[in-house]
Amino acid sequence: MKGEAVLYGIAGVGLTLLLFLSSHWFGPLGALTNMLTAVPICYLVMRFGLTSGIYAVLVATLALSVLTETAALTSYLGLFIVPSLLLPSLLKRGQAWDRALLVSGVVTLLVAG
């Protein structure tokens, strides 16, 4: 189980980076894929728990700090970390989908400013 979590974590971080950086590579088409940036880490949190999601976020943030400039890293931190961790955590606790989405959206707006 632990090896599976590590494998899914590496794949989740890679897919997160690919989706986030696609906006720089693909132009307008990348804007559509950029909206899905939070999905791989959401899946990790739903399947393996919050701890694996936090590790994946830390690795993705470290990789983005090497690959991109500060503005892109700040946008990732502000826009995608909260929904990646909070939304699946609320859903695992049994919150209704609409309430969990509303809370995640409001917290993201407060964090992103």
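As shown above, the structure is provided for reference.
Residues numbered from 1 in each chain as written. Predicted model: local features only at pLDDT ≥ 70, side-chain atom pairs only at ≥ 80, totals over all residues. Heavy atoms only, no water.

Engineer: Mind laying out the environment of V13, listing which residues take part and the relevant values?
Structural biologist: Mapped onto the elements, V13 comes out in helix α1 (residues 2-26). Residue class for V13 comes out buried when judged on its relative accessible area of 9%. Sequence separation between V13 and L102 is 89 residues; the distance between their C-alpha atoms is 25 Å. Every residue in contact with V13, bar those within four places of it in the chain, is listed here: A56, V59 and A60. (Helix = DSSP H or I, 4+ residues; strand = E, 2+ residues; numbered from the N terminus. Buried < 20%, exposed > 50% of the residue type's maximum accessible area, 1.4 Å probe, protein only. Contact = heavy atoms within 4.5 Å.)

Engineer: Pulling in residues and values, what's your account of the environment of W97?
Structural biologist: Note that W97 resides in helix α7 (residues 97-112). Sequence separation of W97 and G30 is 67 residues, and the distance between their C-alpha atoms is 27 Å. Setting aside residues no more than four positions away along its own chain, W97 makes contact with L87 and L91.

Engineer: Describe the packing of helix α3 (residues 39-48) against helix α6 (residues 81-92), listing the residues and the values that go with them.
Structural biologist: Orientation of α3 relative to α6, taken along the N-to-C sense of each, is 35 degrees, at an axis distance of 8 Å. Judged by the sense of rotation from one axis to the other, the crossing of α3 with α6 is right-handed. Residue-level contacts link I41, C42, V45 and M46 of α3 to P83, S84, L85, P88, S89, L91 and K92 of α6. Looking at the contact of α3 with α6 residue by residue, the classes come out as eight nonpolar, two polar and one charged. (Axes fitted to C-alpha atoms, helices over the stretch in contact; angles between N-to-C directions. Left-handed = near helix turned anticlockwise from the far one by under 90°. Nonpolar A, V, L, I, M, F, W, Y, C, P; charged D, E, K, R; others polar.)

Engineer: Please give an account of the nonpolar core that cites residues and values.
Structural biologist: In this structure, F20, I41, V57, L64, Y76 and L85 are the most contacted members of the largest nonpolar core, which totals 20 residues. In terms of residue count, α3 provides more of this core than any other element does, five residues in total. Apart from the residues lying within four places of it in its own chain, the contact partners of F20 are N34, T37, L64, A72, S75, Y76 and F80. (Core = buried A, V, L, I, M, F, W, Y, C linked by side-chain atoms within 4.5 Å.)

Engineer: Got a sec to walk through the packing of aromatic side chains? Specific residues and values, please.
Structural biologist: All chains considered together, the criterion is met by five aromatic pairs. Ring centres of Y8 and Y43 lie 6.1 Å apart, and the angle between their planes is 45 degrees; on these two criteria the pair is classed as tilted. Highlighted residues: Y8 in helix α1 and Y43 in helix α3, separated in sequence by 35 residues. Overall, Y43 belongs to the partly exposed group, its relative accessible area being 41%. An aromatic cluster is built from Y8, Y43 and F48, whose rings are joined through pairwise contacts. (Phe/Tyr/Trp six-rings, centres within 6.5 Å; stacked < 30°, edge-to-face > 60°.)

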